[in-house]
Amino acid sequence: MKKTAIITGGASGIGLAIAKKFTDEGIITILVGRDVKKLKHACSVLGENSDFFQCDLSDIKSIPEMVQRIIDKYGKIDILVNNAGINLKKNILELTDEEYQNIILTNQTSTFCITRAVAGFMHEQCGGAVLNISSMAAIYGIPYVIAYTASKSAIEGMTRAMAVELAEMGIRVNCIAPGFIRTNMSSVALDKDAARKQKVLSRTPLGRLGKPAEVANAAYFLVSDEASFITGVILPVDGGNSIGF
Ligand code: NDP
C-alpha cells in the first residue's frame with residue numbers, strides 16, 4: 001500500500017523538490033499552500049501521485065478541518081513535512097508587532113497546530129514520521145531576520161520535545177536545517193545583497209549554494225523506514241556552512 005504524505009509549502013522551492021522525490025518514490029503527496037494556481041501547476045508537473053489542499057496556515061483555526069478532509073479522502077497520513085515558511089528582512093527597530101507575529105504564526109505556531117492534528121491520526125495508525133524545516137538562522141546570529149530566527153529556533157526546540165513526547169506513539173520527529181539553497185526565498189535575501197552572498201559563500205566549505213533536490217534526498221531518507229531508529233535529530237544540509245571557518 002502506498003504511503004501518504006503532506007508537504008506544507010510543497011508547490012515551490014524546497015517543498016516542491018521534496019514533493020518530486022516523494023512522488024517519484026511512489027508516495028501519494030499532498031501539497032498544502034495558499035496559491036491555488038501554483039498548487040495546480042505543481043500537481044500537473046508532479047503527476048498522478050500528487051494532490052493539493054488549499055489552506056492559509058496562518059489561519060490556524062482552519063488547520064484541523066483541512067487535516068480531517070485529507071483523512072476523509074485518503075484514510076491515513078504516514079508523513080508530515082512542515083516546510084511552509086516566510087521571511088522578512090528588516091531592521092529590528094522598524095519591525096512591527098504585526099510583522100513579527102505573522103512570521104511566528106506562519107512558521108512556528110502553524111507547525112505546532114498541524115503536527116498536533118496529524119499526530120492524533122498517526123497515533124491511531126500506530127506510527128508515522130514528521131519532518132520540520134529549520135534554518136542556519138537557528139544556529140548562528142543573522143542580522144535583520146529576528147522574527148524568522150525566533151521561529152526557526154523554536155522549530156528546533158519543538159523537534160526535540162515532539163520527538164520525545166510522540167515516540168511512545170510510534171511517531172518519529174526530525175528536522176533538516178538547510179544552509180543556503182537556491183530558491184525564490186534565498187534569491188530575495190541574497191541576490192540584492194552582494195556582501196551577504198559573498199559572506200555566505202566564503203563560509204561554505206563546498207563553495208556554492210545548495211540545490212533543493214539535495215535537501216529533498218535527505219528529507220526522503222529521514223521519513224523513510226531506512227531511518228527507523230533516528231528521531232529528534234537536526235540535520236544540517238548546508239555544504240558545511242554551519243561548521244565553516
Ligand atoms: P519558497 O518561498 O519557495 O516556499 C515557501 C512555501 O511556503 C511556498 O510554497 C508558500 O506557498 C508556502 N507558504 C508560505 N506561507 C504560507 C501560508 N501562510 N500558508 C500556507 N503555505 C504558505 O521558499 P523555500 O523553498 O526557500 O523555503 C522552504 C522552507 O525552507 C521554509 O521554511 C524556509 O524557511 C526554509 N529554508 C530555506 C532556505 C533557503 O535557502 N531557501 C534556507 C533555510 C531554510 P504559497 O505561496 O502558496 O502560500
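Since the structure is predicted, the reported quantities are computational estimates derived from the model, not experimental observations.

Enquirer: Can you lay out unusual backbone geometry for me, pointing to particular residues and giving the numbers?
Expert: Phi is positive for cysteine 126, which is not a glycine, with a value near 70°. With respect to the helices and strands, cysteine 126 occurs in the loop between helix H4 (97-125) and strand S5 (128-133). Here cysteine 126 falls in the exposed class, since its relative accessible area comes to 66%. Non-glycine residue tyrosine 144 carries a positive phi angle of around 75°. Tracing the chain through its elements places tyrosine 144 in the loop between S5 and helix H5 (146-167).

Enquirer: Mind laying out the environment of serine 224, listing which residues take part and the relevant values?
Expert: Structurally, serine 224 is set in the loop between helix H8 (212-223) and strand S7 (234-237). Taking the C-alpha atoms as reference points, serine 224 and aspartate 78, 146 residues apart in sequence, are found 10.0 Å from one another.

Enquirer: Break down the sheet that holds strand S4 (residues 79-82) for me, citing the residues and quoting the values.
Expert: Strand order in the open sheet formed by seven strands is S3-S2-S1-S4-S5-S6-S7, and the pairing between neighbours is parallel. Each edge of the open sheet is held by one strand with a lone partner, namely strand S3 (50-54) and S7. Each adjacent strand pair in this sheet contributes to an overall mean axis angle of 20°, direction not counted. Sheet topology note: the strand S2 (residues 28-33)/S3 ladder contains five bridges and is parallel. The residue of S3 that forms the bridge with valine 32 is phenylalanine 53. Of the strands in this sheet, S2 and S3 touch helix H2 (residues 36-46), which is tilted by about 170° from S3. Lying on the sheet, H5 is in contact with S5, strand S6 (171-178) and S7; it crosses S6 at an angle near 160°.

Enquirer: Let's hear about the site of the ligand: which residues, and what values?
Expert: What surrounds the ligand is a group of 29 residues, the closest being Ser12, Arg34, Asn83, Tyr148 and Thr183. Contacts to the ligand include aspartate 56, whose side-chain N or O atom sits 2.9 Å from a nitrogen atom. At a separation of 2.7 Å, an oxygen atom of the ligand approaches a polar backbone atom of asparagine 83. When the ligand sits alone it has 880 Å² of accessible area, and the protein chains cover 93% of it.

Enquirer: Residues and numbers for the pattern of salt bridges, please.
Expert: One pass over the full model with this rule turns up eleven salt bridges. Of the charged contacts, one joins aspartate 193 and lysine 89 as a salt bridge, the two residues approaching to 2.8 Å between their closest N and O atoms. Highlighted residues: aspartate 193 in the loop between helix H6 (184-190) and helix H7 (194-202) and lysine 89 in the loop between S4 and H4, separated in sequence by 104 residues. In this structure, lysine 197 engages aspartate 191 in a salt bridge whose closest nitrogen and oxygen atoms are separated by 3.5 Å. Residue aspartate 191 is classed as partly exposed on the basis of its relative accessible area of 45%. One network of salt bridges, in which partners are shared, links Lys89, Asp193 and Arg196.

Rules of the game
Residues numbered from 1 in each chain as written. Predicted model: local features only at pLDDT ≥ 70, side-chain atom pairs only at ≥ 80, totals over all residues. Heavy atoms only, no water. Helix = DSSP H or I, 4+ residues; strand = E, 2+ residues; numbered from the N terminus. Buried < 20%, exposed > 50% of the residue type's maximum accessible area, 1.4 Å probe, protein only. Pairing = 2+ DSSP bridges. Axes fitted to C-alpha atoms, helices over the stretch in contact; angles between N-to-C directions. Contact = heavy atoms within 4.5 Å. Near = heavy atom within 4 Å. Polar contact = N/O pair within 3.5 Å; in protein donor to acceptor, adjacent residues only side chain to side chain. Areas by Shrake-Rupley, 256 points an atom, 1.4 Å probe, with all protein chains shown as cover. Salt bridge = Lys/Arg side-chain N within 4 Å of Asp/Glu carboxyl O.

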